[in-house]
Amino acid sequence: MHEPLLTKTLTDLRAQILGWGVGMGLLLLLTVLLYPSISSAYGDLVNQLPEHFLAFMGAEVSLDTLEGYLNAEFFTYAPIALAVFAILAGTGSIVGEENQGTLDILLAQPVSRLRLITTKMVGLALANGMVVAILLAMFWVTVPFLDLEVRAGRIMGAFALLWPFLTAIASLSVLLSLMLSSRLFAGTVMAVILIASYILGSLANLVSRLEPLRPIYLTTYYQGSNALVSEVSSAYTAGLIGILLAASSLSVWLFLRRDIAI
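1. What to know about helix α11 (residues 234-256)
Given a rise of 1.5 Å per residue, 23 residues ought to cover 33 Å, and the 33 Å separating the end C-alpha atoms of α11 matches this to within 8%. Restricting attention to buried positions, one finds in α11 the residues L240, L244, A247, S248, S251, V252 and F255.

2. Concerning the layout of surface pockets
If you roll a probe as big as a water molecule over the atoms, it shows you where there is empty space left. If you add up the space inside the second largest pocket, you get close to 210 Å³. Surrounding the second largest pocket, 16 residues form its lining, D12, L13, G92, S93 and E97 being those nearest its centre. Those elements giving two or more residues to the lining of the second largest pocket turn out to be α1 (2-12), α5 (78-100) and α7 (113-142). For the lining of the second largest pocket, the element with the highest residue contribution is α5, accounting for seven residues. Looking at side-chain class alone, the lining of the second largest pocket contains four nonpolar, seven polar and five charged residues.

3. Considering the packing of α5 against α7
Each pair of packed helices gets described by two things: the angle between the helix axes and the distance between those axes. For the pair α5 and α7, interaxial distance at closest approach is 11 Å and the crossing angle is 160 degrees. When the interaxial angle is binned, α5 and α7 end up roughly antiparallel. The handedness of the crossing between α5 and α7 comes out as right-handed. Here L82, F85, A86, A89, G90, S93, I94 and E97 of α5 lie close against α7, whose contacting residues are L116, I117, K120, L124, A127, N128, V131 and L135. Residue composition of the contact of α5 with α7, grouped by class: eleven nonpolar, three polar and two charged.

4. Re the side chain of K120
Relative to the helices and strands, K120 is located in helix α7. Apart from residues no more than four positions distant in its own chain, K120 is found in contact with T9, S93, I94 and E97.

5. Some thoughts on the packing of aromatic side chains
Tallied over the entire structure, the rule returns eight aromatic pairs. For the pair F139 and W140, a centre-to-centre distance of 5.0 Å together with 75 degrees between the ring planes defines the contact as edge-to-face. The buried category is assigned to F139, whose relative accessible area is 0%. Between F165 and Y222, the ring centres sit 5.5 Å apart and the planes meet at 50 degrees, which makes this aromatic pair tilted. Pair noted here: F165 is in helix α8 (residues 152-180) and Y222 is in the loop between α9 (183-203) and α10 (224-229), with a separation of 57 residues, a long-range link. The exposure classification of F165 matches that of Y222, with both residues buried. Of the aromatic side chains, those joined through ring pairs into one cluster are F74, F75, Y77, F139, W140 and F159.

6. Describing the pattern of salt bridges
Charged atoms that come close allow side chains of opposite charge to pair. Following the criterion strictly, the structure yields four salt bridges and no others. The closest approach of N and O atoms between K8 and D12, which form a salt bridge, is 2.7 Å. Taken together, the residues span about one helical turn, with K8 and D12 both in helix α1 at a distance of four residues. The exposure class of K8 is partly exposed, given its relative accessible area of 26%. Between E97 and K120 there is a salt bridge, with the nearest N and O atoms lying 2.7 Å from each other. Remark: K120 occurs in helix α7 and E97 occurs in helix α5; sequence separation between them is 23 residues. Residues joined by salt bridges that share partners form a network here, namely K8, D12, E97 and K120.

About the criteria used
Residues numbered from 1 in each chain as written. Predicted model: local features only at pLDDT ≥ 70, side-chain atom pairs only at ≥ 80, totals over all residues. Heavy atoms only, no water. Helix = DSSP H or I, 4+ residues; strand = E, 2+ residues; numbered from the N terminus. Expected span 1.5 Å × (residues − 1). Buried < 20%, exposed > 50% of the residue type's maximum accessible area, 1.4 Å probe, protein only. 1 Å grid on protein atoms, 1.4 Å probe; cavity = no way out; pocket = protein on both sides within 12 Å on 5 of 7 lines; lining within 4 Å. Points joined across faces, edges and corners; volume = space filled by probe spheres on them. Nonpolar A, V, L, I, M, F, W, Y, C, P; charged D, E, K, R; others polar. Axes fitted to C-alpha atoms, helices over the stretch in contact; angles between N-to-C directions. Parallel < 35°, antiparallel > 145°, perpendicular 65-115°, else oblique. Left-handed = near helix turned anticlockwise from the far one by under 90°. Contact = heavy atoms within 4.5 Å. Phe/Tyr/Trp six-rings, centres within 6.5 Å; stacked < 30°, edge-to-face > 60°. Salt bridge = Lys/Arg side-chain N within 4 Å of Asp/Glu carboxyl O.

The analysis is restricted to geometry; functional conclusions fall outside its scope.
As structure tokens, then:
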């Protein structure tokens, strides 16, 4: 029964996977294709921006390389945008099934609660990985059309770190939906936490008093921008994996003790 559950999870998400993957992929493709023609003029424009504005962006706005350009023009917003998919998928994986009346039907089959919840979590991880894979494929499709030096290791690192970040967001969304018993409320809370983390993390570049609080900002744990232009923090990367594992474990524990609404 394991494989059919996984297939069902991915089938239920197939439209969202394609929509978000191809939609964001087209934005990435256009962003990359525009780089050779606008890098010079855009670089002059960026150099005229106030230093405080650039600090708030939190990105190393160096357009001398494709990596710096991608960091400023795609990876500053892509993790937040793609997190919407992770939140929708996460809040809908268990509570969404329950609200639709299909969860009790699944549990009526010869499948344990533990197998169901772990399969759902694996499906969420694979779904987020598919979205990242689509983005990565669409990026490399554009490379042959560009006469540019591409640091493949840094590019691959940025995309690779996007996968556990989105999976952690999805796992936290599952956890909140089980705790709050409302898909809408859980999704709203998760979105508020994410946006607040992004804003406060950006303000920490300007306000020194906010700097020590970086470990509580969820967006800090995505190190993709650092992979592109500087050094990845192993501590934050390990913290992200810890958040993912903790959220997944708590979700399993709560689901095993949950009274399923009929």
